[in-house]
Amino acid sequence: MSVDLIYIDESGYARNWESSVKSQPFYVLAAITFPVSDYLRLEKIFIERLTSIEVPGSKFSEFGYGEELKARRVASGDGFWGKNEPQRNQVRDLYLSFPAQNGQTCFVVVIDKKAHAEKYAWPENPYYLALKFLLERIRAYLQDSGRHGICVYDLNHGEEGQIGRNVSKLFKSGSAVQYWSQYYNDVIEKTNDFDPIVEF
């Protein structure tokens, strides 16, 4: 069985999504996938490239082993990053170019919270909706490539229990899909399972 590791992370979370539209207008859920067998090779290449960027006091050699570089701090120019544009751009370039340069596949779901709230009378929670959309895409990718996946979610600890319940709900009941079929000239309804994802 060919197995991929799938890392999932989020941006734009706020405990009450409706009241956070101004401060966090978008919710982004992204994933990167690659074969388990490539993990050590990719980790070595990434850490070598990251440690070649001169950042005083950094512990990039320990990256992934308790050391984390918060993309939010780099993107916002917080602290060191606001005063050192060359290093900031090098790090951003590394993060954005590494997946394509190393044969990895990425998935991104972006929900505009304001547009979502205005479009529906009873809008679904964007965090659950994004998770559902992301897992549907991962499922299709794994199924089409004949692979299985193990998902690792960089959890927002305040929502850990809710995320677990959402994943459990999706895995138990599947994801309902409706679409218009030109062939049948009718609405088609079906439920997709998440069998290719063996662990979350």
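What counts and how
For every chain, the first residue of the written sequence is number 1, and numbering continues from 1 onward in sequence order. Confidence filtering applies because this is a predicted model: local features only for residues at pLDDT of at least 70, side-chain atom pairs given and counted only at 80 or more, and all residues used for totals across whole chains, interfaces and linings. Working from all heavy atoms in the structure, the side-chain values ignore hydrogens and water. Only strands joined by at least two bridges in the DSSP assignment are considered to pair. Runs of E in the DSSP output that reach at least two residues are strands. Runs of H or I that reach at least four are helices, and both are numbered from the N terminus. Nine residue types can take part in a nonpolar core, namely buried Ala, Val, Leu, Ile, Met, Phe, Trp, Tyr and Cys, and a core is a set of them joined through side-chain atoms within 4.5 Å. A simple rule labels every residue: compare its accessible area, found with a 1.4 Å probe on the protein chains alone, to the largest value its type can have, and call it buried under 20%, exposed over 50%, or partly exposed in between. Only heavy atoms matter for contacts: two residues are in contact if any of them lie within 4.5 Å across the pair. Any two of the Phe, Tyr and Trp rings considered here, Trp counted by its six-membered ring, make a pair once their centres fall within 6.5 Å; the pair's planes then place it as stacked at under 30 degrees, edge-to-face at over 60, or tilted in between. Axes here mean lines fitted to C-alpha atoms, for a helix over just the part in contact, with angles spanning 0 to 180 degrees between N-to-C directions. When an angle is under 35 degrees it counts as roughly parallel; over 145 it counts as roughly antiparallel; between 65 and 115 it counts as roughly perpendicular; any other value is oblique. Each helix crossing is assigned a hand: it is left-handed if the near helix lies turned anticlockwise from the far helix by less than a right angle, otherwise right-handed if that turn is clockwise. As a working rule, the residues Ala, Val, Leu, Ile, Met, Phe, Trp, Tyr, Cys and Pro are called nonpolar, Asp, Glu, Lys and Arg charged, and the rest polar, with Gly in that last group. Put simply, a disulfide is two cysteine sulfurs that come within 2.5 Å. Here a helix's expected span is defined as the number of its residues, less one, multiplied by 1.5 Å. The bend reported for a residue corresponds to the angle between axes fitted to the seven residues ending at that residue and the seven starting there. To count toward a patch, a residue needs a relative accessible area over 30% and no salt bridge; like charges are then connected within 9 Å, while nonpolar side chains (Val, Leu, Ile, Met, Phe, Trp, Tyr) are connected within 5 Å. The Shrake-Rupley method, run with a 1.4 Å probe, gives the accessible areas here. Residue values count only the displayed protein chains as cover. Basic side-chain nitrogens of Lys or Arg form a salt bridge, by our definition, when they fall within 4 Å of a carboxyl oxygen of Asp or Glu.

*Asks:* Can you tell me about the pairing of strand β5 (residues 175-181), naming the residues and giving the values?
*Replies:* Put simply, side chains in a regular strand alternate between the two faces of the sheet. Note: β5 against strand β6 (residues 186-192), seven bridges, orientation antiparallel. The partner of S181 across the bridge, within β6, is D186. Connecting β5 to the next strand, β6, in antiparallel fashion are four residues, including N185 with a positive phi near 50 degrees.

*Asks:* Describe in detail the nonpolar core, supporting the description with residues and values.
*Replies:* Ranked by size, the top nonpolar core spans 27 residues in total, and within it I8, L29, L134, L135 and I138 carry the most contacts. Of all the secondary structure elements, the ones that give two or more residues to this core are β1 (3-11), β2 (26-35), β3 (105-112), α6 (126-145), β4 (148-153) and α7 (160-173). The greatest single-element share of this core, amounting to nine residues, is contributed by α6. Setting aside residues no more than four positions away along its own chain, L134 makes contact with I8, L29, A30, A31, F107 and V109.

*Asks:* Give me the packing of aromatic side chains: which residues, what numbers.
*Replies:* Counting across every chain of the model gives nine aromatic pairs. When the ring of F46 is compared with that of Y95, the centres are 5.6 Å apart and the planes differ by 80 degrees; the resulting orientation is edge-to-face. Taken as a pair, F46 in helix α1 (residues 39-51) and Y95 in helix α4 (residues 85-101) lie far apart in primary sequence, 49 residues in all. Looking at F46, the relative accessible area reads 12%, which means it is buried. Between Y183 and Y184 the ring centres are 4.8 Å apart and the planes differ by 90 degrees, which places this aromatic pair in the edge-to-face class.

*Asks:* Go over the packing of α1 against α4 with me, naming the residues and quoting the values.
*Replies:* At their nearest, the axes of α1 and α4 sit 11 Å apart, and the two run at 155 degrees to each other. Considering the angle they form, α1 stands roughly antiparallel to α4. The way α1 lies across α4 gives a crossing that is right-handed. Facing L42, I45, F46, R49 and L50 of α1, the residues of α4 in contact are V91, L94, Y95, F98 and Q101. Of the residues belonging to the contact of α1 with α4, the class tally is eight nonpolar, one polar and one charged.

*Asks:* Go over the state of the cysteines, please, and point to the residues and values.
*Replies:* One covalent bond between the sulfur atoms of two cysteine residues makes up a disulfide. Under the criterion given, the structure shown has zero disulfides. C106 provides the cysteine sulfur closest to C151, a residue in no disulfide bond, and the two sulfurs are 14 Å apart. Given the relative accessible area of 4%, C151 is considered buried.

*Asks:* Could you give an account of the environment of I32, naming the residues involved and the relevant values?
*Replies:* By secondary structure assignment, the location of I32 is in strand β2. Ignoring any residue separated from it by four or fewer positions in sequence, one finds I32 in contact with L5, I6, Y7, P99, Q104, T105 and C106.

*Asks:* Pulling in residues and values, what's your account of α4?
*Replies:* Under the 1.5 Å per step criterion, the end-to-end length of α4 is 23 Å for 17 residues, consistent within 8% with the ideal 24 Å. Where α4 bends most, the angle comes to about 30 degrees, and this point is Y95, followed within four residues by the proline P99. Every buried residue of α4 is accounted for by Q87, R88, V91, L94, S97, F98 and P99. Close packing links the buried residues of α4 with β2, α1, α2 (71-76), α3 (80-83) and β3. In the segment just after α4, G103 is the residue with positive phi, at about 70 degrees.

*Asks:* Explain a nonpolar patch on the surface residue by residue, including any values.
*Replies:* Taken together, the side chains of F26, V108 and V110 present a nonpolar region at the surface, about 280 Å² in accessible area. Turning to its location among the elements, V110 is positioned in strand β3.

*Asks:* For the pairing of β2, give the residues involved together with the corresponding values.
*Replies:* Two elements, β1 and β2, share eight bridges in a ladder whose sense is antiparallel. Residue Y7 lies in a different strand from β2, and its bridge partner there is I32. With eight bridges connecting them, β2 and β3 associate as antiparallel partners. Bridge pairing in β3 places I32 opposite C106.

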